[in-house]
Amino acid sequence: MIDNHILAPIFVQLFTAIIQLMCWRKTLTQRYLSVGGSLIGLMVAFRLFNRVYEGGILTLNAANWDAPFGIVFVADLLSVTLVLLTSIACFAVSIFSSVGLSRQRMLYGYFPIFHFLIMGLHGAFLTGDIFNLYVYFEVIIISSFVLMTLGGRKAQLEGAVKYMAMNILASMFFLTGIGILYGITGSLNMADLSIRIQEVQNKALIGITSCFFIIGFGIKSAVFPLYYWLPSSYHTPPSAVAATFGGLLTKVGIYAMLRVFSLIFIPDDFTRILLMVIAVLTILTGAFGALIKTNIRRLFSYLIVCHIGFMIGGIAMFSKVALMGAVFYLIHDIMVKTNMFLIAGLIRQLRGTMDMNKLGGLYSEYPKISLIVAIVLFSLVGIPPLSGFWPKVFLFQEAFSQHQYFYIAALIIGSFVTLYVIAKMWSEVFWKNPPASEGMENLFAPMPPYKKILMVLPIGLMALATLYIGLNAEAIVKVTDIISTQLMDPSAYIDAVLGNKTD
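Each chain has its residues counted from 1, running along the sequence as written. A pLDDT threshold of at least 70 governs which residues receive local features in this predicted model, and a stricter bar of 80 or more applies before side-chain atom pairs are shown or counted, although totals over entire chains, interfaces and linings include all residues. With hydrogens and water set aside, each side-chain value is computed from the structure's full complement of heavy atoms.

How do you make sense of the overall build of the chain when you look at a structure like this?
Secondary structure assignment for the chain yields 21 helices and two strands. For the radius of gyration, the atom set is restricted to C-alpha positions; the globular benchmark scales as 2.2 Å times the number of residues to the power 0.38. Taking 23 Å as the expected radius of gyration for a compact globule of 503 residues, we find that the chain reaches 22 Å, a close match to that expectation. In terms of overall dimensions, the chain has a C-alpha envelope of 70 × 55 × 40 Å along the principal axes. Taking all 503 residues of the chain together, the buried fraction comes to 60%. Expressed as a percentage of contacts within the chain between residues at least 6 apart in sequence, the contacts between residues at least 24 apart total 80%. Where accessible areas are quoted, they stem from the Shrake-Rupley method and a 1.4 Å probe; at the residue level, only the protein chains shown are allowed to cover. Only carbon and sulfur atoms are counted for the fraction: they give 67% of the accessible area of the chain, which is about 18,500 Å². Helical segments are the DSSP runs of H or I of at least four residues, strand segments are the runs of E of at least two, and each set is numbered from the N terminus. Classification of residues uses two cut-offs on accessible area relative to the type maximum, computed with a 1.4 Å probe and protein chains only: under 20% is buried, over 50% is exposed, and between them is partly exposed. Here, residues are in contact when the closest pair of their heavy atoms is within 4.5 Å.

Dropping the structure here:
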């Protein structure tokens, strides 16, 4: 069904950013606009989610050019779920940014660039054209590079160079793959590609082309051995920026893999084995990297890498149950990882550092905040019945069914290492007494009450969202069941794009 409302999430972010550019020096106005625009975007995303959940897939042909000749936007349940989750994270980060960033950084254009980044994310999720997906990837990369260098500290610039170099390499592989794909099929519309790719006789060329996409999306997702840029860069920007990066940017690569490898390149035995090897090595390298880190944000960065491997393993098994596990984990991971970096920012405000060796005593001093943090940490670990537990049930179930014992071992190791490092962090940061030799710089205590509320509120809201996902798992399973069915059988997606031309 054709519906113009598909573009609403993109336009809300675009117009919010443009209006903020008109208020370049008025940082207070920008804060209000950011939170207001994010709230409107959240309501629009929720409405779009309901329309798709109740009415089915929606499409929009740009400039009224019929598919496959024009650019098409498609809102299926996977797309709108990720748009909704991105909007929730955007709203939380907007509130945190209003008090968690210095005015100097806001004057560099933080808020407009942040909303351009969210616009790029929404566009990537909603486009039905693979070249348009590349364009939105470039919007994301440019915006994120600006946000990463905001402030111009040496560590930020060093991290940004690594980030930009690897993402340009990823874009080169992605664009090369698109070029080959267009050359052998003559189309860029993903629904049309799903049909035309089956008519290509040279299967070896198709396999080589799929490898370009695996490398391109793999770099963006930070999989082994192309992950090292992430822990080298995500600890350098402000916490609000790191929360957006940690929760959302790597997940765009996972979304692209889900979309492309369910619609265009249906995984054969070689692709499944390759993805499974990548998944196992990604889990292990992320887990072992986290073991030796004492900086909270570096620790979280390696956990991002580790848990990306969980989702890649689900894609590698490529069955309905495995995809349910991968999508459920994707939903859980966006909420939890965004919140973890916000928590890291709050800890920095409370103690002036994120080095666990120099921290301690937060539970005795701030018990209520500590309990909110505990909910998020338990969810990250996967304590039943919280959100991190349920997707692992599906992943373990399908791994045993397919006799993927190396993946099972990696899942167990990754889960136990996550438990160990999070327990260690809780002990070091919250339970132990702070070192007597360390002078604590508490930036939180002198804040006016409204600023304290605005700093803790987004963490509480994200914790509630995480609790909802875990305690209302039945509803999430229904959503993931529909999504996995659509991924395994994309005929409904193809019919919506190429079939029903009229409302």
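Further notes follow.
How do you make sense of the packing of helix α5 (residues 110-126) against helix α11 (residues 239-263) when you look at a structure like this?
With axes taken as lines fitted to C-alpha atoms, and helix axes fitted only over the stretch in contact, angles between N-to-C directions fall between 0 and 180 degrees. Running from amino to carboxyl end, α5 crosses α11 at an angle of 20 degrees, the nearest separation of the two axes being 11 Å. The angle between the axes of α5 and α11 places the two elements in the roughly parallel class. Relative to α11, α5 is oriented so that their crossing is left-handed. The segment α5 lies against α11, with Tyr110, Phe114, Leu117, Ile118, Leu121, Ala124 and Phe125 engaging Ala240, Val241, Thr244, Phe245, Leu248, Leu249, Val252 and Tyr255. Residues are grouped as follows: nonpolar covers Ala, Val, Leu, Ile, Met, Phe, Trp, Tyr, Cys and Pro; charged covers Asp, Glu, Lys and Arg; every other residue, Gly included, is treated as polar. For the contact of α5 with α11, the residue count by class is 14 nonpolar, one polar and no charged. When describing relative orientation, an angle under 35 degrees is termed roughly parallel and one over 145 degrees roughly antiparallel, while 65 to 115 degrees is termed roughly perpendicular and anything else oblique. Handedness of each helix crossing follows the sense of rotation of the near helix against the far helix: counterclockwise by less than a right angle gives left-handed, clockwise gives right-handed.

Is there a simple way to explain the nonpolar core in this structure?
The nonpolar side chains of a soluble globular protein tend to be buried, and buried together. With 181 residues, the main nonpolar core has Tyr110, Ile130, Phe213, Ile264, Ile296, Phe300 and Met425 as its most contacted residues. Looking at this core, the element that brings in the most residues is helix α14 (residues 320-351), giving 19 residues. The term nonpolar core refers to a set of buried residues drawn from Ala, Val, Leu, Ile, Met, Phe, Trp, Tyr and Cys, joined through side-chain atoms within 4.5 Å.

I tried to follow the UniProt feature "domain: NADH:quinone oxidoreductase/Mrp antiporter transmembrane" (unreviewed entry) in the chain on my own but got confused; where do I start?
UniProt positions are given in the numbering used here, feature names are shortened, and annotations may be inferred rather than shown by experiment. Sites flagged by UniProt as "domain: NADH:quinone oxidoreductase/Mrp antiporter transmembrane" (unreviewed entry) map to residues 129-418. Taken as a whole, residues 129-418 contains 79% helix and 0% strand, while its terminal C-alpha atoms sit 38 Å from one another.

I would appreciate a short explanation of the side chain of Ser484 in the present structure.
Mapped onto the fold, Ser484 is located in helix α20 (residues 473-488). Residue Ser484 is classed as buried on the basis of its relative accessible area of 0%. Ignoring sequence-local partners within four residues, the contact set of Ser484 consists of Lys320, Leu323 and Met324.

So what exactly am I meant to see when it comes to the state of the cysteines here?
As used here, a disulfide is simply a covalent bond connecting the sulfur atoms of two cysteines. In this description, a disulfide is simply a cysteine sulfur pair whose atoms lie within 2.5 Å. On inspection of all chains with the given rule, the structure shows zero disulfides. Here Cys23 stays unpaired: no disulfide links it, and the sulfur of Cys90, its closest cysteine neighbor, is 17 Å away. We classify Cys23 as buried; its relative accessible area is 14%.

Is there a simple way to explain a nonpolar patch on the surface in this structure?
Patch membership requires over 30% relative accessible area and the absence of a salt bridge. Like charges are linked within 9 Å, and nonpolar side chains (Val, Leu, Ile, Met, Phe, Trp, Tyr) within 5 Å. We count a salt bridge whenever a side-chain nitrogen from Lys or Arg sits within 4 Å of a carboxyl oxygen from Asp or Glu. There is a patch of nonpolar side chains on the surface, built from Phe11, Phe15, Ile18, Ile19 and Met22 and spanning about 480 Å² of accessible area. Mapped onto the elements of the fold, Phe11 is located in helix α1 (residues 8-21). On the basis of relative accessible area, Phe11 is assigned to the partly exposed category, the value being 38%.

Which parts of the structure should I look at to understand the environment of Gln349?
Structurally, Gln349 is set in helix α14. With relative accessibility at 14%, the residue Gln349 sits in the buried group. When the C-alpha atoms of Gln349 and Gly100 are compared, they prove to be 8.4 Å apart, with 249 residues separating the residues in sequence. Excluding residues within four positions of it along the chain, Gln349 makes contact with Gly100, Glu441, Asn442, Leu443, Phe444, Met447 and Met455.

Hey, could you run me through the environment of Ile254 in this one?
Tracing the backbone shows Ile254 in helix α11. Sequence-wise, Ile254 and Phe217 are 37 residues apart; in three dimensions their C-alpha atoms are separated by 7.3 Å. In this structure Ile254 touches Ser221, Ile308, Met311, Ile312, Ile315 and Leu330, once residues within four positions along its chain are discounted.

Looking at this structure, I do not really get unusual backbone geometry. What am I missing?
Trans peptide bonds make up the majority, and among non-glycine residues the majority have a negative phi. Looking along the chain, the bond that leaves Phe224 and enters Pro225 is cis, with omega of 0 degrees. Each neighbour pair has its own omega, and for Pro384 with Pro385 the value is 0 degrees, a cis peptide bond. Along the polypeptide, Pro385 turns up in the loop between α16 (367-381) and α17 (390-401). Not every positive phi belongs to a glycine, and Ala222 is a case in point at roughly 65 degrees. Relative to the elements of secondary structure, Ala222 occurs in the loop between α9 (203-221) and α10 (229-233). Overall, Ala222 belongs to the buried group, its relative accessible area being 0%. Positive phi, close to 45 degrees, is recorded for Phe318, a residue that is not glycine. Judged by its relative accessible area of 8%, Phe318 falls in the buried class.

Is there a simple way to explain the pattern of salt bridges in this structure?
Opposite charge on two side chains allows them to pair when their charged atoms are near. Counted by the stated rule, this structure contains eight salt bridges. Linking Asp76 and Arg259 is a salt bridge whose minimum nitrogen-to-oxygen distance equals 2.9 Å. Remark: Arg259 occurs in helix α11 and Asp76 occurs in the loop between β2 (72-75) and α3 (77-100); sequence separation between them is 183 residues. Since its relative accessible area comes to 3%, Asp76 is described here as buried. Ionic pairing is found between Asp333 and Lys337, a salt bridge with its closest N-O pair at 2.6 Å.

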